[in-house]
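The residues making up each chain are set out below.
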Amino acid sequence: MTLLDTLTPVAPTGLFTSAWLMIAIPLVVAGLLLLAGKVTNAWGHLVATAASISAFVIAALLFVDLLGRDAGQRAVGVPLYDWITAGSWTIKAGLLIDPLSILFAMLITGVGSLIHVYAIGYMAHDPGRRRFFAYLNLFIAAMLTLVLADNYLVLFLGWEGVGLASYLLISFWQHKPSAATAGKKAFVVNRVGDLGMLMAVFTMLAMFGSSSFVDVNAGAASLTPFWATMIGIFLLLGACGKSAQVPLQSWLLDAMEGPTPVSALIHAATMVTAGVYLVVRSHEIYAHTVTAQLAVAIVGTVTLLAGAWIGCAKDDIKKVLAGSTMSQIGYMMLAAGIGPEGYAFAIFHLLTHGFFKANMFLGAGSVMHGMHDDVNMRHYGALRKYMPYTFITFAMGYLAIIGFPMFSGFYSKDHIIETAFEHQPVLGLCALVGAGVTAFYMTRLMLMTFFGEKRWAQGVHPHESPAVMWIPLVLLAIPSVIAGVVMNAWIGAWLAPAVGAEDPHLHWYPHLSLIGIVTTLVVAAGAFLGWWLFGRGPIPAAVPYTSNLAIIAGRNDLFGDAFNENVLMKPGQAVTAAVTAVDKSVIDGAVEGSAQLALGFGAGLRRVQNGYVRSYGLTMIVGLFVIGLVLVVGRLV
Amino acid sequence: MNSEAYVILAAILFAIGVLGFLVRRNALVLFMSVELMLNSCNLLFVTFARQWGNLDGQVASFFVMVVAAAEVVVGLSIIVAIFRTRRSASVDNANLLKF
C-alpha cells in the first residue's frame, strides 16, 4: 500500500464555525454544577445529561455535513484564537474536524450521553450525584478538546483534562481509602506518560517551530531518522500512560474503584483509547520511523496478551473487564503499529470496542446494582432469569468481543489479526492466541455470572435494574451487534484521507480467508475450554488454592505492582531518603550553623551590657582615645 | 596672647573629670565630674575665641552651658527618683538595665 498525503483542512462554513459549542456546553454546565452548589442538586444531573446530548447533536450534524462532501473537502479547520504569542512564537488554538476526529466526537458524546442517562439511575441515591455529573461533563469537554484539537499543545490541554477528570472520578468515593489511593495511582502513572507527551511536543516545537498537525505533518518528511524515532517513542510513552499499555498498565485495574459508569465511559470506551488516537493522528511521524512503529506494535502485542492473562485469573467482574479493556486496546495499538494498512482497523476496533465494552461495563454495573455492590463473581450465578435485559444485552456484548461471526468484534478483530499476519507473522500469532484467550475468559465471566447455580450472599435479592438503566444497555447492545456489518465496507474509505492510507475496499459481508477461519476456530476452542472448566461443575465459593504459577501471576496482575514497587518505588524512596539526609545534614547544617554562629557571637557580645554606668564610660573613653589616635596617625601619614 | 596655660588647665580639668567619672560611685559626684569636663571644653572654646578674635567659640560655650543646665535638670530628677526607691545614690546599685 502506498502512502497518500493527509488532507489539508478547508475553511469552516455554517455550523462548523460553532463547533466549539460542543466543548463549551459541557464545560459551562460542569462549572455551573460545581460552583452553584446545592441549588442545582435537584436538577443538575438532568442539565448535565442534556449538555452531553446537545454536544452529540452538534457532532451528528457535523458528521452528516461531512458525509455529504467530497472526500477532499472533509477536513475542516476551525481557527479559534491565538493562544500564546511570545516573540516569534504564535500558537493558535483551533479545532480540526476531519473523518477521524468526528468519529471520536460521535463516540464520546454518543456513548457519553447513554452513560449519563444510565448514571441517572445508577447514582440516584448517591449524595454526591451533582458532583458526579459535573465531573462527567468536565470529562466530556476535556475529551472533546483532546480529539478536536488541531494542535498537539491544545491536544495536551485535553489530555491533561481527561487525566484530571479520570482522577476525580476514580477517587469519587474518596471516603474509601482504596478509591483515594487508586485515583492517586492513576494520576501518578499518567504523569510518567505525560512526560513523554510533553517531550514529544517540545521536540516538535524545536524541530518545526510549531506543534500544529498541519505543520508537523508537512515537516515530518524532513526529520532525520533519529528525531523521527525519538518523537515516535515519546508519543508512544504518552500513549502507554493514557491507554494503560505495558509498562504503564498498572493503574487501570485499580481504576475500577470508581463508580461503574465511569469505568464504562472513561476506562473502557473513550479516555483509554486516546493513546490509539494519538498514534493514528501522528501517522506522518510514524511513517518515517520503522523503529518506533515496531515499538508500538510490540507494546500492543505484549499488552493484549498481558491483559488477557489477567482477565483469566480475576474473580472481580470489573477487573476481568478491565483486563479485557487493556487487551483490546493492545489490539488497537498493534493495528496502529502496523502502519497505514492498520490505522483504519485500529479505529474500527476502537469504535466497536467502545460500544460493546461500554455495554458490558454498564451490564456489570447493573448486576452489581442488583447484588448490593458485590463485585465477586463467585457470589453470582444464575442471574439470567432474574435480570433478563441485563443478560441479553451482556450476551450481545459477549458475542461481539469474542468475535462471534457477523457481530461487530468479529469484523474489527479479524482485520487486525489478518493484517498482523501479513505484516509480521509472530505478532499475528500472538494476536490469534489473544483472541482464543479472550473467548476463554469472557466465557468464564458469562458462566460465573449468569449461569450455574445461585451462590448469592444471604439477604441479596437480585432484580432487574430500572428502565433508565436498561434502556441505555439496549441502545448500546444494538451497535455492538450491527456496527461491524454497517461500518465494514465504509470505514476504510471514510478514514483513508485522514490517515493517509488507501481505501482497503471491503464489503459488508466478511471475506473468507484461511486466517479468518482459523481465528474463528481458535475462538470456538477458547469458548469451549471456558465451558469445560467453568460450565459443568459448581464454582467454589472461595478462591481455590493453586500452585500454578501462571494463575498466581494472573491473580497478582502479573506482579506489575510488585515490579513497580521494587524496581521504581523503593529505589526512588531510597534516593529521596538520601537527598533528605543530605539536605538535613549538609544544607540545613550550613544554614543553621551560621545562625548558631551569629547567636553565639551575640550571646558573647551581650555580656558587654553589664548595667554599670562607669564601665560604659570607660568604653566611651577608650573609643574616644582610639578615634583620636586614628586621627593623629592619619594626620601623620 | 599666649593660650598655652589655658589649654593645659583645660586638659587637667578634663582629665580630673574623666578620672572622677570613672572611679567614683556617687551619682552626684559623677554629675560634677561631667560638669567639669563640659567646663574644660568651655574654657577651650573661650580661649581660642579670644586668641583668634572670633565670637563663634563664645557662642558655642553658651550653648554648652544651656545644654548642661537642661541635662542637670533631667539627670537630677532621675537620681532623686532612684534614691527614693533604692535609698542609695550609688550608680553601681542601679544596674538592672543589662543582659
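Residues numbered from 1 in each chain as written. Chains lettered and ligands numbered in written order. Predicted model: local features only at pLDDT ≥ 70, side-chain atom pairs only at ≥ 80, totals over all residues.

A. Quick look at the overall build of chain A. For chain A, the helix and strand inventory stands at 23 helices and 2 strands. Dimensions of chain A, computed from C-alpha atoms along their principal axes, come out at roughly 115 × 65 × 55 Å. The buried share among the 637 residues of chain A stands at 54%. Nonlocal contacts in chain A, meaning residues at least 24 apart in sequence, comprise 81% of its contacts between residues at least 6 apart. (Helix = DSSP H or I, 4+ residues; strand = E, 2+ residues; numbered from the N terminus. Buried ≥ 20, exposed ≤ 12 C-beta atoms within 10 Å, placed from the backbone. Contact = placed C-beta atoms within 7 Å.)

B. Layout of the overall build of chain B. On a plain count of helices and strands, chain B comes out with 3 helices and 0 strands. N-terminal to C-terminal, the α/β element order of chain B is α-α-α. Relative to a compact globule of 99 residues, whose C-alpha radius of gyration would be 13 Å, chain B shows 17 Å and is clearly more extended. Seen through its principal axes, chain B has C-alpha atoms that stretch 50 × 25 × 25 Å. Counting all 99 residues of chain B, 14% fall into the buried class. Restricting to contacts in chain B with at least 6 residues of sequence separation, those with at least 24 account for 47%. (Rg over C-alpha atoms; globule rule 2.2 N^0.38 Å.)

C. Representation of the interface of chain B and chain A in the model. Contacts between the two partners involve 10 residues from chain B, matched on the other side by 11 residues from chain A. In the side of chain B that touches chain A, the residues fall into 7 nonpolar, 1 polar and 2 charged. (Nonpolar A, V, L, I, M, F, W, Y, C, P; charged D, E, K, R; others polar.)

D. Geometry of the confidence of the model for chain B. The predicted model of chain B averages 90 in pLDDT, with 99% of residues at 70 or higher. With a pTM of 0.81, the predicted complex shows an ipTM of 0.83. (pLDDT = per-residue confidence, 0-100.)

E. Layout of helix α6 (residues 177-208) of chain A. Residue and element names in this part refer to chain A. The terminal C-alpha atoms of α6 lie 46 Å apart, and with 32 residues this matches the ideal 46 Å at 1.5 Å per residue to within 8%. Within α6, the axis deviates most sharply at Val 192, by approximately 25 degrees. Immediately downstream of α6, the backbone of Gly 209 shows phi near 70 degrees, a positive value. (Expected span 1.5 Å × (residues − 1). Bend = angle between axes of the 7 residues up to and from the residue.)

F. Focus on the pairing of strand β1 (residues 76-86) of chain A. Residue and element names in this part refer to chain A. Bridge count between β1 and strand β2 (residues 89-97): 9 bridges; the pairing is antiparallel. Looking at the pairing, Thr 85 lines up with Thr 90 of β2. Hairpin connection, β1 to β2: the antiparallel pair is bridged by 2 residues, and Gly 87 has positive phi, about 60 degrees. (Pairing = 2+ DSSP bridges.)

G. The nonpolar core, seen in detail. Counting residues in hydrophobic clusters, the biggest one holds 213 residues, and the most contacted among them are Leu144(A), Leu334(A), Ile347(A) and Ala358(A). In contact with Leu334(A), not counting residues within four places along its chain, are Ala297(A), Gly300(A), Thr301(A), Leu304(A), Ile416(A), Ala420(A), Leu427(A) and Ala431(A). In this structure, Val18(B), Phe21(B), Ala27(B) and Val91(B) belong to the second largest nonpolar core, which totals 5 residues. (Core = buried A, V, L, I, M, F, W, Y, C linked by C-beta atoms within 7 Å.)

H. Layout of the packing of helix α3 (residues 99-122) of chain A against helix α10 (residues 260-269) of chain A. Residues and elements named next belong to chain A. Where α3 meets α10, the axes come as close as 9 Å, and the angle between the chain directions of the two elements is 165 degrees. With respect to each other, α3 and α10 are oriented roughly antiparallel. The handedness of the crossing between α3 and α10 is right-handed. Contacts from Leu 107, Val 111, Gly 112, Ile 115, Tyr 118, Ala 119 and Tyr 122 of α3 reach α10 at Thr 260, Pro 261, Ala 264, Leu 265 and Ala 269. Here the residues of the contact of α3 with α10 are counted per class, giving 10 nonpolar, 2 polar and no charged. (Axes fitted to C-alpha atoms, helices over the stretch in contact; angles between N-to-C directions. Parallel < 35°, antiparallel > 145°, perpendicular 65-115°, else oblique. Left-handed = near helix turned anticlockwise from the far one by under 90°.)

I. Representation of the environment of Ser90(B) within the structure. All names here are of chain B. Within the secondary structure, Ser 90 is located in the segment after α3 (56-86). C-alpha of Ser 90 to C-alpha of Cys 41: the two residues are 49 residues apart in sequence and 27 Å apart in space. Those residues within four positions of Ser 90 in sequence are excluded, and the remaining contacts are Arg 25 and Asn 26.

J. Broad picture of the environment of Leu76(B). Among the structural elements, Leu76(B) can be located in helix α3. For the pair Leu76(B) and Phe31(B), spaced 45 residues apart in sequence, the C-alpha to C-alpha distance is 8.6 Å.

K. Focus on the confidence of the model for chain A. Looking at chain A as a whole, the pLDDT averages 91, with 99% of positions reaching at least 70. Confidence scores differ between elements of chain A, with helix α21 (residues 549-555) of chain A showing the lowest mean pLDDT of 86 and helix α4 (residues 129-148) of chain A the highest of 95.

L. Structural detail: unusual backbone geometry. Residues and elements named next belong to chain A. Along the chain, Val 246 connects to Pro 247 via a cis peptide bond; the corresponding omega equals 10 degrees. Even without being glycine, Ala 382 reaches a positive phi, approximately 60 degrees. Here Ala 382 is to be found in the loop between α15 (340-370) and α16 (388-402). A count of 15 C-beta atoms within 10 Å places Ala 382 in the partly exposed class. Here the phi dihedral of Asp 557 falls at roughly 55 degrees; this positive angle occurs in a residue that is not glycine. Residue placement: Asp 557 occurs in the loop between α21 and α22 (560-606). A residue is classified by how many C-beta atoms lie within 10 Å of it, and Asp 557, with 23 of them, is buried.

M. Highlighting the packing of α3(A) against α15(A). Residues and elements named next belong to chain A. Interhelical geometry of α3 versus α15 gives an angle of 5 degrees and a closest axis separation of 11 Å. Between α3 and α15, the crossing angle belongs to the class labelled roughly parallel. Counted together, Leu 100, Leu 103, Leu 107, Val 111, Ile 115, Tyr 118 and Tyr 122 of α3 and Ile 347, Leu 351, Gly 354, Ala 358, Leu 362, Gly 365 and His 369 of α15 form the full contact between these two elements. Classifying every residue of the contact of α3 with α15 gives 11 nonpolar, 3 polar and no charged.

N. Broad picture of the environment of Asn564(A). Residue and element names in this part refer to chain A. With respect to the helices and strands, the residue Asn 564 is situated in helix α22. Along the chain, Asn 564 and Ser 250 lie 314 residues apart, while their C-alpha atoms are 8.6 Å from each other. Non-local contacts of Asn 564, meaning those with residues more than four positions away in its chain, are made with Ser 250 and Met 569.

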